[in-house]
Amino acid sequence: MNKFGRILLSAGAVGAATLTYSAAIERRHWTLRQATVPALTEGTPPLRVLHISDLHMTPNQRSKQRWVAELADLDPDFVVNTGDNLAHPQAVPAALRAMGPLLSKPGVFIFGSNDYYGPKPKNPARYLLPSTKTKRIHGESLPWRDLRAAMTEHGWLDATHRQHDIDVNGTKVHVAGLDDPHLHLDRYEEIAGQPPADAGLKLGITHSPEPRVLDCFAEDGYDLVMAGHTHGGQLRVPGYGALTTNCELDRSRCRGASTWGERMHLHVSAGLGTSPYAPVRFACPPEATLLTLLPRTEKSAASRENAKIRAPYGAGESIR
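All values derive from a computational prediction rather than experimental measurement. (Residues numbered from 1 in each chain as written. Predicted model: local features only at pLDDT ≥ 70, side-chain atom pairs only at ≥ 80, totals over all residues. Heavy atoms only, no water.)

## Section: the environment of glutamine 90
When you line up the elements, glutamine 90 lands in the loop between strand S3 (78–81) and helix H3 (92–99). Here glutamine 90 falls in the exposed class, since its relative accessible area comes to 58%. Placed 32 residues apart in sequence, glutamine 90 and threonine 58 show a C-alpha to C-alpha distance of 7.4 Å. (Helix = DSSP H or I, 4+ residues; strand = E, 2+ residues; numbered from the N terminus. Buried < 20%, exposed > 50% of the residue type's maximum accessible area, 1.4 Å probe, protein only.)

Rendered as structure tokens:
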């Protein structure tokens with residue numbers, strides 16, 4: 001075999017090994033991250049917020065269901081679900097088995113495109129194009145209304161184009177949410193305006209972290225926005241990061257905690273699932289995040305906590 005043939009053979013072997021790892025190992029490597037964010041009003045006691053997103057659940061994903069259910073053992077003060085829970089028309093019972101133990105905690109949710117529509121096969125190259133140049137491809141309608149009814153029956157609040165004031169351990173948390181900007185369903189005018197000044201946390205939630213939406217929350221004075229959708233890039237190159245965000249957000253902010261504008265914080269979850277038609281992850285394991293929120297006056301303490309993080313690929317600290 002000549003030198004060129006050996007190179008091709010080696011490249012093929014590496015590619016096959018990478019694909020096997022991405023599909024068979026990493027996409028089931030459930031990971032809990034933690035981060036500390038100084039987003040609370042001065043004098044507010046710390047809050048522990050569990051962020052879950054992008055479950056993309058199918059009925060047979062038993063290990064994912066068990067792992068998410070065990071997150072209740074963390075005893076978070078508050079739970080935020082930023083959408084894309086479903087990936088199958090019969091996945092509502094599976095999603096509820098996963099989230100069931102968490103539903104006893106105060107929680108809020110909004111939906112994403114894959115709560116409304118099932119996945120369809122797509123050319124993966126589409127995700128490397130700017131989102132403005134891709135045509136939306138919708139699958140069959142999914143039973144999001146059934147999921148909504150179950151979550152609200154257990155006490156979680158639907159924040160889709162709504163505002164809520166929630167008492168969390170004596171702290172007033174003001175939450176405002178949007179329908180999915182990825183489908184251009186967002187109507188920010190329905191929640192526009194400054195949140196209450198006496199809220200210890202002014203929280204915005206959206207599925208897709210589109211800059212036009214983040215600008216609106218920042219202009220109105222929100223402390224923190226939480227989002228999903230990006231899957232953290234799903235396929236990341238060590239030393240480079242995400243190849244794409246599947247939205248208009250820049251690659252540097254598509255996973256983890258960052259800032260937006262002068263004072264607002266942003267947290268984007270890399271999510272817990274994938275489309276059944278693209279069941280791979282590389283350098284970006286499926287995750288949920290436990291955020292410890294501190295008063296803004298403790299910014300230096302938050303920086304010290306985050307400086308302790310030594311996780312691969314800059315993903316945040318893995319604590320499970």
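Don't stop here, the text continues.
## Here's the deal with the packing of H3 against helix H5 (residues 144–153)
Two numbers describe how H3 lies on H5: the axes approach to 10 Å, and their chain directions differ by 30 degrees. With respect to their mutual orientation, H3 and H5 come out roughly parallel. When you trace H3 past H5, the crossing you get is right-handed. In contact with Val92, Ala95, Leu96 and Met99 of H3, H5 contributes Asp146, Leu147, Ala150 and Met151. Partitioned by chemical class, the residues of the contact of H3 with H5 number 7 nonpolar, no polar and 1 charged. (Axes fitted to C-alpha atoms, helices over the stretch in contact; angles between N-to-C directions. Parallel < 35°, antiparallel > 145°, perpendicular 65-115°, else oblique. Left-handed = near helix turned anticlockwise from the far one by under 90°. Contact = heavy atoms within 4.5 Å. Nonpolar A, V, L, I, M, F, W, Y, C, P; charged D, E, K, R; others polar.)

## Focus on the environment of alanine 87
Looking at where alanine 87 falls in the secondary structure, it is placed in the loop between S3 and H3. The class of alanine 87 is buried, set by a relative accessible area of 8%. Spatially, the C-alpha atoms of alanine 87 and tyrosine 116 are 9.5 Å apart, while their sequence positions differ by 29 residues.

## Examining unusual backbone geometry
One non-glycine residue, aspartate 54, lies in positive phi territory at about 50 degrees. Residue position: aspartate 54 is located in the loop between strand S2 (47–52) and helix H2 (62–70).

## Here we look at helix H6 (residues 211–220)
Every buried residue belonging to H6 is among Pro211, Val213, Leu214, Phe217 and Asp220, and all of these are buried. Of the surrounding secondary structure, the elements contacted by the buried residues of H6 are strand S7 (171–177), strand S8 (201–205), strand S9 (224–227), strand S12 (256–260) and strand S13 (264–268). Note on H6: the residue one or two positions beyond its end, glycine 221, has a positive phi of about 95 degrees.

## Section: the packing of H2 against H3
In helix packing, the relevant descriptors are the interaxial angle and the interaxial distance, both defined with respect to the helix axes. Between H2 and H3, the shortest axis-to-axis distance is 6 Å and the interhelical angle comes to 35 degrees. Facing Arg62, Gln65, Val68 and Ala69 of H2, the residues of H3 in contact are Ala94, Arg97, Ala98 and Met99.

## Describing the confidence of the model for the protein
Across the protein, pLDDT averages 88, with 83% of residues at or above 70. A low-confidence stretch, residues 4–17 stays under pLDDT 50, and its non-local contacts, those more than four residues away or across chains, total 2 contacts. Note on residues 309–316: pLDDT is under 50 here. Beyond four places in sequence and across chains, it has 16 contacts. (pLDDT = per-residue confidence, 0-100.)

## A few points about the environment of glutamate 189
Inspection of the secondary structure puts glutamate 189 in the loop between S7 and S8. Given the relative accessible area of 60%, glutamate 189 is considered exposed. Between the alpha carbons of glutamate 189 and histidine 161 there is a distance of 8.8 Å; along the sequence they are 28 residues apart.

## With respect to the sheet that holds S13
Sheet architecture is open: 6 strands sit in the order S6-S7-S8-S9-S13-S12, paired in mixed fashion. Edge positions in the sheet fall to strand S6 (163–168) and S12, since each of these pairs with one other strand and no more. Averaged over all pairs of adjacent strands, the angle between strand axes in this sheet comes to 25 degrees, irrespective of strand direction. Sheet topology note: the S9/S13 ladder contains 4 bridges and is parallel. (Pairing = 2+ DSSP bridges.)

## Brief notes about the pattern of salt bridges
Scanning the entire structure with this criterion turns up 10 salt bridges. Between aspartate 223 and arginine 296 there is a salt bridge, and its shortest N-O distance comes to 3.4 Å. Here arginine 296 lies in the loop between strand S14 (287–295) and helix H7 (299–307) and aspartate 223 lies in the loop between H6 and S9, a separation of 73 residues in the sequence. Take arginine 296: its relative accessible area is 25%, and that puts it in the partly exposed class. Taken together, the shared-partner salt bridges connect Lys202, Asp223, Arg263 and Arg296 into one network. (Salt bridge = Lys/Arg side-chain N within 4 Å of Asp/Glu carboxyl O.)

## A few points about the packing of aromatic side chains
In total, this model carries 6 aromatic pairs according to the counting rule given. On the basis of an interplanar angle of 70 degrees and a centroid distance of 6.1 Å, the ring pair of phenylalanine 111 and tyrosine 116 is categorised as edge-to-face. Tyrosine 116 shares its class with phenylalanine 111; the two are buried. For the ring pair tyrosine 116 and tryptophan 144, a centre distance of 5.2 Å and an interplane angle of 90 degrees mean the geometry is edge-to-face. A residue pair is termed long-range when its members are at least 10 positions apart, and tyrosine 116 in helix H4 (residues 113–116) and tryptophan 144 in helix H5 qualify at 28 residues. When its relative accessible area of 10% is taken as the criterion, tyrosine 116 is described as buried. Linked through ring pairs, Phe109, Phe111, Tyr116 and Trp144 together constitute an aromatic cluster. The aromatic ring of tyrosine 240 is capped on one face by arginine 251, whose charged end is 4.1 Å from the ring centroid. (Phe/Tyr/Trp six-rings, centres within 6.5 Å; stacked < 30°, edge-to-face > 60°. Lys NZ or Arg CZ within 6 Å of the ring centre and 35° of its normal.)

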